[in-house]
Amino acid sequence: MPEENNTLSRQETPANPGVSFSVLSPSSENIQLLSNCLRNGEIVAVPTETVYGLAANALDPAACERIFEAKGRPHADPLIVHVSSIEQAKDLAHFNEKAELLAAAFWPGALTLILPKKSCVPDIVTASLNTVAIRLPGHPAFRKLIEACQIPLAAPSANPFGYVSPTSVEHVTNSLGDRIHWILDGGPCEIGIESTIIDLSNQENIRILRPGGISPEAIGEVLSINPASLSLDRHLITPSATGGLIAPGLLERHYSPNTLIQLHPHGTCFAEHSNNPTHAYVSFKKQATLSDNCFSLSDDGSTKQAASRLFEMLRSLDHQPWSRIHIEKAPDTDIGIAINDRLQRAASR
Ligand code: TXA
Ligand code: MG
C-alpha cells in the first residue's frame with residue numbers, strides 16, 4: 001500500500017483503539033487504490049458536491065450490507081446508486097422521456113431520479129422496492145473514482161443513521177472514524193445539502209420526495225409543468241404515497257442534533273431576544289448586535305451560502321454546551337425550501 005506518499009493522515013480513534021482510518025487525497029494512485037478496495041467489497045467515504053457519502057459496490061449485496069452496519073441504518077431505507085454516465089444509469093433503471101429531460105438538464109448534479117429498476121440491482125439497495133434511486137454526481141474526484149471502479153456505487157450520506165449529514169472530512173471522521181477505514185478527501189462540500197429526490201416511476205404522478213440542491217421551479221421549467229404540482233404538500237408522506245415505504249429521509253424527525261432546536265419565522269430579529277446566555281441564536285443573515293451566543297447562516301442573506309453552512313453550524317453548536325439552539329428559518333425560495341425542510345426535521349422531537 002503506497003502509504004508514505006499518499007496518506008494524508010492515519011490515526012487510531014480514541015473511541016476504538018486498533019481501528020484506524022486513512023484520509024486520502026484524490027491523486028491518481030489513491031483513486032486506483034480506493035477503486036480496488038471498492039471492487040473487493042470494502043466501504044469508502046467519498047466527497048460529493050452535496051454531502052459526503054459512504055460508498056460500496058452497488059452490485060455486491062455483502063458490500064452494501066457493510067454500509068448498513070457502519071451507519072446503523074435500517075434495511076427498510078433504500079440507498080442511492082451513483083453512476084459516472086447516463087449509459088451506466090440505463091443499465092440499472094428503465095428511463096422514460098421525463099427522466100431523459102431531467103438527466104440532460106441537471107446531470108452531473110444534485111438531482112436523484114427514482115425510476116423502475118432493472119433486475120441486476122440487488123434487493124438490499126432498493127429495500128426490495130421495484131424502483132431504484134440514481135444520481136450522476138458532479139464532484140470530479142467522486143466521478144473519477146466511479147469511472148476507475150467501472151461499477152455503480154451505492155452511497156447514503158456518511159453519518160450515523162438519523163444524525164446531521166457530513167459536509168467535510170472532519171465531520172466524517174468525528175462520527176464514523178471508528179467504523180470505517182477509507183476516506184477520500186474532496187474538500188468541503190460546495191452545496192452542503194443533499195440532492196433533490198424526484199419520483200418519476202409513475203409519469204402521471206411525478207413528486208419531489210425530498211427538496212434539495214435543485215429547486216422545484218427549475219424542475220418544473222424543464223418538464224413544462226407547474227412546480228406547485230410537484231410539491232410535497234399535495235402528496236402526504238404516507239406508506240401508500242411512497243409505495244409502501246416511509247423513507248427515513250422523509251420522516252418527520254431526521255438530521256437531528258442532540259441539542260433541542262427551536263425554529264423562528266424568517267424575518268425574526270434576535271437582537272432583543274438573545275438574552276438567555278445558555279441558548280444559542282442563529283439568524284439567517286448576519287445581524288447587528290452581537291453577543292457571543294449569536295451566529296448567522298449567511299453574511300448577506302444568500303440561501304446558497306446558508307445551505308453550505310447549515311450542517312456545519314448544527315454540528316458545531318451541538319458539540320458546545322448550549323441548552324437550546326434558536327434558528328431563524330430561510331425564505332421559502334430556491335434552496336431555502338430544502339434548508340427549511342432540514343430545519344423542520346432537525347427540530348422535531
Ligand atoms: O445528496 C445526496 O443525495 C447524498 C449524496 C451522498 O449523494 N445521499 C443521500 O443519501 O442523501 P441518503 O441515503 O442519506 O438519502 C437517500 C434517500 C433516503 O431517504 C431513501 O429512503 C431515499 O433516498 N430513497 C432511496 N431509494 C428510494 C426509492 N427507490 N424510493 C423512494 N425513496 C428512495
Ligand atoms: Mg442521509
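The present account deals with the structure reproduced in this document. (Residues numbered from 1 in each chain as written. Chains lettered and ligands numbered in written order. Predicted model: local features only at pLDDT ≥ 70, side-chain atom pairs only at ≥ 80, totals over all residues. Heavy atoms only, no water.)

1. Details of the pairing of strand E7 (residues 131-135)
Reasoning step 1: Of all 5 residues making up E7, 5 are buried, and the element is well covered by its neighbours.
Reasoning step 2: The alternating pattern of E7 places Thr-131, Ala-133 and Arg-135 and Val-132 and Ile-134 on opposite faces, both of which are buried.
Reasoning step 3: Alignment of strand E6 (residues 111-116) against E7, held across 4 bridges, turns out to be antiparallel. Its bridge partner lying in E7, Leu-113 is registered against Ile-134. (Buried < 20%, exposed > 50% of the residue type's maximum accessible area, 1.4 Å probe, protein only. Helix = DSSP H or I, 4+ residues; strand = E, 2+ residues; numbered from the N terminus. Pairing = 2+ DSSP bridges.)

2. Some thoughts on the environment of Ala-154
Reasoning step 1: Position of Ala-154 among the secondary structure elements: in strand E8 (residues 153-154).
Reasoning step 2: Given a relative accessible area of 0%, Ala-154 falls into the buried group.
Reasoning step 3: When the C-alpha positions of Ala-154 and Leu-59 are compared, they lie 8.4 Å apart, and in sequence the two are 95 residues distant.
Reasoning step 4: Not counting chain neighbours up to four residues away, the residues in contact with Ala-154 comprise Leu-54, Ala-55, Ala-56, Ala-58, Cys-64, Ile-67, Leu-79, Ile-80, Val-81 and His-82. (Contact = heavy atoms within 4.5 Å.)

3. Thoughts on the pairing of strand E13 (residues 279-285)
Reasoning step 1: In terms of residue burial, E13 counts as a mostly covered element, since 6 of its 7 residues are buried.
Reasoning step 2: By the bridge criterion, 4 bridges tie E13 to strand E15 (residues 324-328) in an arrangement that is parallel. Paired with His-279 across the two strands is Arg-324, which belongs to E15.
Reasoning step 3: Across 4 bridges, the pairing between E13 and strand E14 (residues 294-298) is parallel. Looking at E14, one finds that Lys-285 is bridged to Ser-298.

4. Remarks on the nonpolar core
Reasoning step 1: Within the largest apolar cluster, 51 residues are counted, with the highest numbers of intra-cluster contacts made by Leu-113, Ile-198 and Ile-219.
Reasoning step 2: Per-element accounting of this core gives the leading share, 5 residues, to helix H3 (residues 61-71).
Reasoning step 3: Sequence-distant contacts of Leu-113, that is, excluding residues within four places in its chain, are made with Phe-95, Ala-99, Leu-102, Ala-103, Trp-107, Val-132, Ala-133, Ile-134, Ile-198 and Leu-200.
Reasoning step 4: Core analysis: the second largest hydrophobic core is formed by 26 residues, Ile-193, Val-282, Leu-310 and Ala-338 among them. (Core = buried A, V, L, I, M, F, W, Y, C linked by side-chain atoms within 4.5 Å.)

5. Here we look at the packing of helix H10 (residues 303-318) against helix H11 (residues 336-347)
Reasoning step 1: Between H10 and H11, the least distance of the axes is 9 Å, while the angle of their chain directions is 20°. Taken together, the axis directions place H10 and H11 in an arrangement best described as roughly parallel. Considering only the axes of H10 and H11, their crossing is left-handed. The segment H10 lies against H11, with Thr-303, Ala-306, Ala-307, Leu-310, Phe-311 and Leu-314 engaging Gly-336, Ile-339, Arg-342, Leu-343 and Ala-346.
Reasoning step 2: Here the contact of H10 with H11 is built from residues that sort into 8 nonpolar, 2 polar and 1 charged. (Axes fitted to C-alpha atoms, helices over the stretch in contact; angles between N-to-C directions. Parallel < 35°, antiparallel > 145°, perpendicular 65-115°, else oblique. Left-handed = near helix turned anticlockwise from the far one by under 90°. Nonpolar A, V, L, I, M, F, W, Y, C, P; charged D, E, K, R; others polar.)

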